[in-house]
Each structure stands twice: as C-alpha cells, then as structure tokens.
Amino acid sequence: MLRSMLVRSASPVKQGLLLRGYASESIPNRKVVILGAAGGIGQPLSLLMKLNPLVSSLSLFDLANTPGVAADVAHINTRSQVSGFMGDDNLGKALEGADLVIIPAGVPRKPGMTRDDLFNINAGIVKNLSIAIAKYCPHALVNMISNPVNSTVPIAAEVFKKAGTYDEKKLFGVTTLDVVRAKTFYAGKANVPVAEVNVPVVGGHAGITILPLFSQASPQANLSDDLIKALTKRTQDGGTEVVEAKAGKGSATLSMAYAGALFADACLRGLNGVPDVVECSFVQSTITDLPFFASKVRLGKNGVEEVLDLGTLSDFEKEGLEAFKAELKSSIEKGVKFANQ
Ligand SMILES: NC(=O)c1ccc[n+]([C@@H]2O[C@H](COP(=O)([O-])OP(=O)(O)OC[C@H]3O[C@@H](n4cnc5c(N)ncnc54)[C@H](O)[C@@H]3O)[C@@H](O)[C@H]2O)c1
Ligand SMILES: O=C(O)C[C@H](O)C(=O)O
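Residues numbered from 1 in each chain as written. Chains lettered and ligands numbered in written order. Predicted model: local features only at pLDDT ≥ 70, side-chain atom pairs only at ≥ 80, totals over all residues. Heavy atoms only, no water.

Our next topic: the packing of aromatic side chains. A full pass over the atoms with the stated rule returns five aromatic pairs. Geometrically, the ring pair formed by phenylalanine 119 and phenylalanine 338 is edge-to-face, given 5.5 Å between the ring centres and 85° between the ring planes. Remark: phenylalanine 338 occurs in helix α12 (residues 315-340) and phenylalanine 119 occurs in helix α6 (residues 119-136); sequence separation between them is 219 residues. The residue whose ring lies beneath lysine 127 is phenylalanine 338, and the NZ or CZ to ring-centre distance is 5.3 Å. The residue whose ring lies beneath arginine 234 is phenylalanine 185, and the NZ or CZ to ring-centre distance is 3.9 Å. (Phe/Tyr/Trp six-rings, centres within 6.5 Å; stacked < 30°, edge-to-face > 60°. Helix = DSSP H or I, 4+ residues; strand = E, 2+ residues; numbered from the N terminus. Lys NZ or Arg CZ within 6 Å of the ring centre and 35° of its normal.)

Taken together, 28 residues surround ligand 1, and among them Gly40, Ile41, Asp62, Val107 and Asn147 come closest. A distance of 3.2 Å is found between a nitrogen atom of ligand 1 and a backbone nitrogen or oxygen belonging to valine 174. In the complex, the protein chains occlude 85% of the 870 Å² of accessible area that ligand 1 would expose alone. Elements with a contribution of two residues or more to the shell around ligand 1: β2 (57-62) and α6. Looking at the shell around ligand 1, the element that brings in the most residues is α6, giving three residues. Of the residues assigned to the shell around ligand 1, the class counts are 17 nonpolar, ten polar and one charged. (Near = heavy atom within 4 Å. Polar contact = N/O pair within 3.5 Å; in protein donor to acceptor, adjacent residues only side chain to side chain. Areas by Shrake-Rupley, 256 points an atom, 1.4 Å probe, with all protein chains shown as cover. Nonpolar A, V, L, I, M, F, W, Y, C, P; charged D, E, K, R; others polar.)

Here we come to the nonpolar core. In this structure, Leu35, Leu95, Val101, Ile103, Ile133 and Phe160 are the most contacted members of the largest nonpolar core, which totals 47 residues. Sorting the residues of this core by element identifies β1 (31-35), α5 (91-95), β4 (100-103), α6, β5 (141-144), α7 (149-163), β10 (292-300) and α12 as the ones contributing at least two each. Isoleucine 133 has contacts with Leu35, Leu95, Val101, Ile103, Pro138, Val142 and Phe160, leaving out every residue within four places of it along the chain. Core analysis: the next-biggest nonpolar cluster, separate from the first, contains 39 residues, Val73, Val174, Val277 and Val304 among them. (Core = buried A, V, L, I, M, F, W, Y, C linked by side-chain atoms within 4.5 Å. Buried < 20%, exposed > 50% of the residue type's maximum accessible area, 1.4 Å probe, protein only. Contact = heavy atoms within 4.5 Å.)

By the secondary structure assignment, glutamate 196 is in the loop between α8 (176-190) and β7 (201-203). Separated by 25 residues in the primary sequence, glutamate 196 and leucine 171 place their C-alpha atoms 29 Å from one another. For glutamate 196, the contacting residues outside a window of four places in its chain are Ser218 and Pro219.

As a further point, take the confidence of the model for the protein. Per-residue pLDDT for the protein has a mean of 94; in total, 93% of the residues score no lower than 70. Under a pLDDT of 50 for its full length, residues 1-10 has, in the predicted model, eleven contacts with residues more than four places off or in other chains. With pTM at 0.95, the complex prediction returns an ipTM value of 0.99. (pLDDT = per-residue confidence, 0-100.)

Before going further, it helps to spend a moment on unusual backbone geometry. Cis geometry is found at the peptide bond from asparagine 147 to proline 148, where omega equals -5°. Note that proline 148 resides in the loop between β5 and α7. Between serine 218 and proline 219 the backbone carries a cis peptide bond, its omega angle lying at -10°. You will see that asparagine 65, though not glycine, has its phi angle at about 70°, which is positive. As for its placement among the helices and strands, asparagine 65 is situated in the loop between β2 and α4 (66-74). Note on asparagine 65: relative accessible area 57%, which makes it exposed. Of note, the phi angle at alanine 247 is positive, near 50°, even though the residue is not glycine. Turning to its location among the elements, alanine 247 is positioned in the loop between α10 (238-246) and α11 (254-271). By relative accessible area, which is 57% here, alanine 247 ends up exposed.

Moving on to the site of ligand 2. Neighbouring ligand 2 are Arg109, Arg115, Asn147, Leu177, Arg181, His205, Gly239, Ser251 and Ala252. Here an oxygen atom of ligand 2 sits 2.7 Å away from a polar atom, N or O, in the side chain of arginine 181. Interatomic distance of 2.5 Å between a side-chain N/O atom of histidine 205 and an oxygen atom of ligand 2. When the free accessible area of ligand 2 is taken as 260 Å², the share hidden by the protein chains comes to 95%. Here the shell around ligand 2 is composed, by residue class, of two nonpolar, four polar and three charged.

In this section: the UniProt feature "active site" (unreviewed entry) in the protein. When the UniProt feature table is mapped to this numbering, "active site" (unreviewed entry) covers His205. Inspection of the secondary structure assignment puts histidine 205 in the loop between β7 and β8 (210-212). Judged by relative accessible area, histidine 205 falls into the buried class, the value being 8%. Histidine 205 has contacts with Arg115, Asn147, Val149, Asn150, Thr175, Asp178 and Ile210, leaving out every residue within four places of it along the chain. (UniProt positions renumbered as here; feature names shortened; annotations may be inferred.)

Spelled out as structure tokens, the structure:
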C-alpha cells in the first residue's frame, strides 16, 4: 500500500525505479554507449535506452547524423543526460567512462544474403570499434548486435586479448531477438498468454545454429512433433522473414531494438547487484566443445556470473545441436582468423 502510494506520488524517473524495487537514492550512475546510434536499430534503441531509469548517461555515436538523433531523444524527460558524437575522431570521447557499450554498427542483409555475407564489411567495423573499446573503456560490458554475431563476438574477443583487456565475463553476443521470436511464435501455437512464456534459445545466431529448446518451454503445451519442427524452423528463419518482407530496405530494426533494450536492461540489473537475472546470450563457454555458445547466462556485478548448462534436450534438439556444430565452429574460427591477420 505504502509502496503503491509512493510510486503514484513520485516523478516518472522515481516511479520507474521504485516499481523495479530500487530505492531511488541508491541507484548507481551508469553510462551506456550505443555505437551505430543513428541506424535502423540504433535510433529506436536510443529511444528505449533513454526510457530506462537505470541509465544516467546515454552516449550516442555514429559516423553521421548523431547530433540530430541525440538532440531529439535528449528532450525526453527521463533520468539520463544524452550526448551525441559523430565521426571516428570523437569515438574516444563517446566511450570514456562507459559501463555498457551496445554495438549495432554495420550493414544489414538484403534478400538472398546470409548473415555471413555481411562478414567482409562488418568484421572490419567491429574490429576497429573493439580496438577503441579496449583503449577507452576496457572494463565496460559489450553487447554485440552486429552480424554475423557468430563471428563478430570472437573478433572482439581476439582484439581484447591482443590489447590485454579481455575479460570473458564482459563480452556478449545479443541473441535476445531469437528468444523474443520463439516466445511469440510458441504463444501463438500453444494458446497461452505470451507474457508468461519462457523459451531458452541456444547455439548461435544464424540459421540452423539458432536452436530453440521448446521441450523446456513454459508453460508446457502438448504440441505435436510436426508443430515443434515448424516452430523451430520459423524461429531459425525469423530474421529472413523480416528481410524478405522489407524487400531490400534492411532487416529487423524495431523488434531488434526491443530485444537489445531488454538485454541491456538485464546487464544493468546484473551490474547493480539485482539477483537472479538470467538471459540467453552468445558467450565464451565450456558447456559444449565449442569455445563460444549461446545458452542461459546468469548476470551479475561483473557481467557473466554463471553459464548455465543446456539441461535435458529432446531427441530432435540433440539432432539439431549436432547438425550445426561444424558450421558454428567454422564461423567462430573465421572471426578469430580475421582478428589475427
Ligand atoms: N543480433 C541480432 O539479433 C541482430 C538483429 C538485427 C540486425 N542485426 C545486425 O545489426 C546491424 C545493424 O543493422 P541496422 O538495421 O541498424 O543497419 P543500418 O544500416 O540501418 O544502421 C547501421 C548504422 O551503423 C553505422 N555505422 C557503420 N559503420 C560504423 C562505425 N564504424 N562506427 C559507428 N557506426 C557505424 C551506420 O552509419 C548506420 O547508422 C547489422 O549488421 C544487422 O545484421 C543483428
Ligand atoms: O536476419 C538478419 O539479418 C538480422 C538479424 O540477425 C535477425 O535475426 O533479424
């Protein structure tokens, strides 16, 4: 009762904090940087991070158009102070003091392309941005959105190793959109309220390397094997579904911004010491024989607190896992090789 009265009489910022279980005086300052902030994902992600009461400073960086995006979101009456930075000369200033760097910088797919077809352009972008992160904010958490995630995460890891700043607990490939899709598609077929649905998605973030574990979905529903197969395929092809619908005008931006904001919020809650924050992410891992793997991860004050194992898989999921291991291994090795050449 007292709590709901407090919430109602507080400012919008305090309301957000009180509702999430924080005493507003105890909220730490957190600087979040978005690299690629003027892009299709970057703009709605900037908006969503401006709405997040856990952010005190929001730093928006892109090669062009950042001043306009920054001026626009800066007028929103929420907690964070916004700054916009444009061009490589200002990258250091954008990054200094960051707690969390989110990277949606890079080109998106067009119909007929795979995510790996983006490698030639995006690998170089991610490598340069990672060099700057190692120099200006070596202790920040990094949320990698740029594709192909299965290779860009290993690229960043290698760059950080070379710079002597690598901390495997702080580097994350963002696979939250796969989880968001799996939840949406499952809820539709299982006829359960989508807000109650949980589905872990493991493996990687491209085609068959995306493996939703519907056998572990909750609430459980008695779906036929054919339906599970169809749901799995739709989740794996979710990105392509959007690329084709956009017909040459890019890939998922709005659902990705939502997913990126969810994952960033989970990272910030972890940093702030909120217990039991668990999300799927593509991280350095020993739960299979692959050096990077997406699975459920417990987030804490230093980033990854625990990489959770896969749990019990159905026969269909076991087959799916074996079927993609070689592809995921080669995407990881491609990233490692690129970073070291
Ligand atoms: N992980 C996922 O689930 C997921 C989902 C959707 C899209 N993506 C990927 O996200 C990336 C961005 O997609 P988008 O639709 O926003 O593309 P976009 O072209 O609309 O925006 C990309 C932005 O990055 C900027 N950029 C390019 N090089 C940069 C650099 N060196 N430094 C800073 N900014 C730079 C561009 O100026 C542009 O504003 C793509 O690689 C896409 O495949 C990943
Ligand atoms: O599909 C893409 O190219 C973008 C992204 O990886 C997605 O899953 O939507």
